[in-house]
Every structure is written in C-alpha cells, then in structure tokens.
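# Geometric and topological summary
Next come the chains, spelled out residue by residue.
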Amino acid sequence: MPHEDVAREPARPRRDAYFDNAKYLTIVLVACGHAWEPLTYGSRAATAAYLTVYAFHMPAFALVSGYFSRSFDMAPGRLRRLLTGVVVPYLVFETAYTLFYRWAQDDPGYPLSLLDPWYVMWFLVALFIWRITTPVWLALRHPVPIALGFAVLAAVSPDLGGDLALQRVLSFLPYFVLGLTLRAEHFQRLRTRRARLVALPAAVAALGVAYWVAPWFDAGWLYHRGSVTGQGAPRWAGVLTTPALFALALLLTACFLAWVPGRRTWFTVLGAGTMYGYLLHGFLIKSSRFWDWYDHPWLHTPLGELAVTAIAVTGITLLCTGPVRAVFRFVVEPRMDWAFARPPRTDEPQPASQVRPDTRAQESR
C-alpha cells in the first residue's frame, strides 16, 4: 500500500521495524505479482505463484493500512495529512498516468477521468474513503461483519460501475476495518515460533492448491473489479464466495505476517518508502506491456521467470530508496503549508462566544 501512515502524529514515535519490514515485503509481492502476470499464460508454476500472491497481498495492504488508521479522528492536522498524502498524489499521478498512456500508445484523445482510477491508482481512492469513514467504523460495536456485508452487496451488485472503483473499495473494506480493530498484541501472537511452524505448511498447502487449480481457475475472482456475474456465476454465489475469499486472504495474511522479521534488517528503512514504490512502479509495469518486453521466449523459461522476479524485486527496492523519495517527495508527500489556514495560537484571546459561561459571569461582577 502502499500503506504509508498518512495520519502520523507531528512528533513521530520511533518506527516499528516489524511493520516497516511488513510494508517493504508486501510492496515486493505487489511488484512480483504485476511482473508475473504475462508469464501466467504459459507457465503453471508462475500461475500458481501469481494466484497465491493475489489471494492476499492487497488484503494485507488494506489490513495494515487500517491498523495505522486507528487514530484518525477528523482532527484538522490529520485531515491535512490525508489531503496532502493521499488526495494530492492521486490527482498528480492519475494525471501523469493518463498523459503517459497518451504518449506511449499515441492516443492523444485518451480521456482523463479523475472518477475512474487508472491501474494502481484505485488504492488511493479506497484509502481516502476508508480513512475518512474511520470514525464511523470505530463507533460501531461489530464493524467487521457490517463491512463484510457491504462486500457481499458489492459482489452481488453488477451495476456499481467503475466510478471511484467502488467495487474494489467495498470488496477490500472488511480488511481495512479489521485492521482498525487490531492491537499490537494480535500481531505479537503471530510472531511466535509456534505460529511460524503452523504458517509454513499452511502456505505450502495454499501454493499446492493454487498449482492444482491453475489450469482452470480465473484470477478475476481475486481482483474484485466487478460482481460475481462478471465471472459467469449467479448473483447468489457472491454470498458464499465473498466470506470464503475473506477467510482465505486472512489465513494467508497471517502466514505472511508470521514470517515477517521483527528485527531491523537492511530493508527495514525501505518500509517508509512503500508509497513511492507503489505509485512509481506502475510506469515500469505498463512500459513492459506497451513495448512488448515479454516477447523474448527465454523469459518464459524457468530461468527467465527467476530473472523477471529478480528484476521486479530490484526495481521496487530501488523505488523505495532515499534518493528516489528525495526527488519525488514534492508530489508524494507535499507540505503545502500555503494551502491551509494557520491554526490559532494558544495565547490569542478567545472570542466571547468561546468563553465558558461561568467565566463570563465572573468577569461581569
């Protein structure tokens, strides 16, 4: 996610190495999944890996994003950071991706639509909607079942359309809401030797099932771009498939988080730059499609698939580094002090309407 902590406090606490590691490893999975997609047409092993990753990597993004959104309370400072850290990057990169498509495809008439997110930009729309509704979810007694109900409604509703990626916003909403309900101790339970030992065979079994279903399973079930009718299933099937996919994603996310290292590693510092990697890597992925980089037969061999994976990991790693962040900070994390009203100084006299009644009474005596 790009799951940057947009609502972080002005005086930032020391970063947790575990979550920075999780952020980096998750963005690596995103990059690998995008890089593997052209390989799935001729490789059962690549398809199995692709299906396994797509079953949980965006749910993991949403869950961790929810965990770091627990303090969002509509305070002016947090609203300001939401606008500069989510809305402004969305406007900039949605425009940039559209211009890139026009140039790369020689299609100057390709429309710019801020209501129809292009490629990876849907997650920023989702993050804004999720975070702005956070106080509502925190006020509910049972928010996760309610959010799951919205996901089911999205799955059985073929007429939501593509505006604001509402299909995906609602489909991945339960993971974000679940993240809002989690506490540090929940993650501590996953960071035990027993949890890791259980997670390993579970992940291997999931990969084996993915290999078995690879020849016939449609990955569209994991994209959540449309209702179940788009997959050729009756509407009532969404009532069953949505909770099933939710449970599968949570199982694989737990397996993944159980194996995330808790100590500082060489890539821990890169966890602070995952938003940069997420927003920028789409240009490389789309370039590989526009200019047919995968046309080389060697890339579709086992060694070629490993090479593609290595390139994807290296590329997304570089995009999360300090120099790249320094160059693009003005559009990914702009300060924009000029755009916001200055908060009132605490030593300024309060208007009479804001003075407590008992104080005014004392002053009148």
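Residues numbered from 1 in each chain as written. Predicted model: local features only at pLDDT ≥ 70, side-chain atom pairs only at ≥ 80, totals over all residues. Heavy atoms only, no water.

### Considering the overall build of the chain
Looking only at helices and strands, the chain features 17 helices and 0 strands. Burial analysis of the chain (365 residues in total) assigns 48% to the buried set. Long-range pairs, those at least 24 residues apart, make up 82% of the contacts in the chain with a sequence separation of at least 6. When the accessible surface of the chain is split by element, carbon and sulfur atoms take 64% of a total near 18,900 Å². (Helix = DSSP H or I, 4+ residues; strand = E, 2+ residues; numbered from the N terminus. Buried < 20%, exposed > 50% of the residue type's maximum accessible area, 1.4 Å probe, protein only. Contact = heavy atoms within 4.5 Å. Areas by Shrake-Rupley, 256 points an atom, 1.4 Å probe, with all protein chains shown as cover.)

### Concerning unusual backbone geometry
Its identity is not glycine, yet L164 carries a phi of approximately 55°, on the positive side. If you trace the backbone, L164 turns up in the loop between α7 (143-155) and α8 (166-171). Of note in the backbone geometry, H224 takes a positive phi value of approximately 60° without being a glycine. Along the chain, the position of H224 falls in the loop between α12 (220-223) and α13 (237-258).

### Let's talk about the pattern of salt bridges
Counted under the stated rule, the structure contains 6 salt bridges. Note that D73 is salt-bridged to R78, the shortest N-O span being 3.1 Å. Take R78: its relative accessible area is 11%, and that puts it in the buried class. Here R329 ties to E333 by a salt bridge, and the two come within 3.9 Å at their closest N and O atoms. According to the relative accessible area criterion, R329 is partly exposed, its value standing at 36%. Each member of the salt-bridge network shares a partner with another, and the members are R80, R335 and D337. (Salt bridge = Lys/Arg side-chain N within 4 Å of Asp/Glu carboxyl O.)

### Examining the packing of aromatic side chains
Applying the stated criterion across every chain, the model contains 37 aromatic pairs. With centroids separated by 6.2 Å and ring planes inclined at 40°, the aromatic side chains of F100 and W103 adopt a geometry described as tilted. Of the two residues, F100 and W103 both sit in helix α4 (residues 76-104), 3 residues apart, roughly one turn of that helix. For F100, a relative accessible area of 13% puts it in the buried group. Taking the relative accessible area as the measure of exposure, W103 reaches 61% and is therefore exposed. An angle of 85° between the planes, with centres 5.7 Å apart, marks the rings of F123 and W130 as edge-to-face. Each member of the pair, F123 together with W130, is buried. Three or more aromatic residues joined by ring pairs form one cluster here, namely Y97, F100, Y101, W103, Y110, W118, Y119, F283, F290 and W291. Against the face of Y67 rests R70, its NZ or CZ located 4.0 Å from the ring centre. (Phe/Tyr/Trp six-rings, centres within 6.5 Å; stacked < 30°, edge-to-face > 60°. Lys NZ or Arg CZ within 6 Å of the ring centre and 35° of its normal.)

### Comments concerning α13
Helical periodicity: at 3.6 residues per turn, an α-helix aligns residues three or four positions apart in one direction. Compared with an ideal rise of 1.5 Å per residue, which puts 22 residues at 32 Å, α13 spans 32 Å between its outermost C-alpha atoms and is within 8% of the ideal. Along α13, the residues that are buried comprise A237, G238, T242, L245, F246, A249, L252, T253, C255, F256, L257 and A258. (Expected span 1.5 Å × (residues − 1).)

### Some remarks on helix α16 (residues 322-332)
All of the buried residues along α16 are V324, R325, V331 and V332. The buried residues of α16 occupy an angular sector of 105° when the element is viewed end-on, so they sit on one face. Those residues of α16 that are exposed and aimed more than 90 degrees away from the buried face are P323, A326, V327 and F330. Of the surrounding elements, those touching the buried residues of α16 are α4, α14 (274-290) and α15 (302-319). (Arc of directions from axis to C-beta.)

### Section: the packing of helix α11 (residues 193-213) against α13
It is at 9 Å that the axes of α11 and α13 come closest, and there the two elements cross at 130°. It follows from the interaxial angle that α11 and α13 lie oblique. Classified by chirality, the crossing of α13 by α11 is left-handed. Contacts between α11 and α13 involve A195, R196, A199, A202, A203 and A206 on the former and, on the latter, L252, C255 and A258. Considering only residue class, the contact of α11 with α13 consists of 8 nonpolar, no polar and 1 charged. (Axes fitted to C-alpha atoms, helices over the stretch in contact; angles between N-to-C directions. Parallel < 35°, antiparallel > 145°, perpendicular 65-115°, else oblique. Left-handed = near helix turned anticlockwise from the far one by under 90°. Nonpolar A, V, L, I, M, F, W, Y, C, P; charged D, E, K, R; others polar.)

### Details of a nonpolar patch on the surface
Taken together, the side chains of V136, L140, I146, F150 and L153 define a hydrophobic patch exposed on the protein surface, amounting to about 420 Å² of accessible area. In terms of residue count, α7 provides more of the nonpolar patch than any other element does, 3 residues in total. Counting through the fold element by element, V136 comes out in helix α6 (residues 134-139). (Patch = residues over 30% accessible without salt bridge, like charges linked within 9 Å, V, L, I, M, F, W, Y side chains within 5 Å.)

### Digging into the nonpolar core
Counting residues in each nonpolar core, the largest one holds 94 residues, and the members touching the most others are F93, W130 and Y278. For this core, the element with the most residues is helix α1 (residues 17-36), which contributes 12 residues. Ignoring anything within four residues of it in the chain, the contact list for F93 reads M121, L279, L280, F283, V331 and V332. (Core = buried A, V, L, I, M, F, W, Y, C linked by side-chain atoms within 4.5 Å.)

### Considerations on the environment of A249
Relative to the assigned elements, A249 resides in helix α13. Among the residues examined, A249 registers a relative accessible area of 0% and is labelled buried. Along the chain, A249 and V53 lie 196 residues apart, while their C-alpha atoms are 9.7 Å from each other. Setting aside residues no more than four positions away along its own chain, A249 makes contact with A55, F56, P59 and Y175.

### Some details on the confidence of the model for the chain
Chain-level statistics for the chain give a pLDDT mean of 90 and a share of 90% at 70 or above. Below pLDDT 50 for its whole length, residues 4-11 participates in 24 contacts with residues either more than four positions away or in separate chains. Contacts of residues 351-365 to residues separated by more than four positions or lying in other chains number 4 contacts, the stretch itself having pLDDT below 50. (pLDDT = per-residue confidence, 0-100.)

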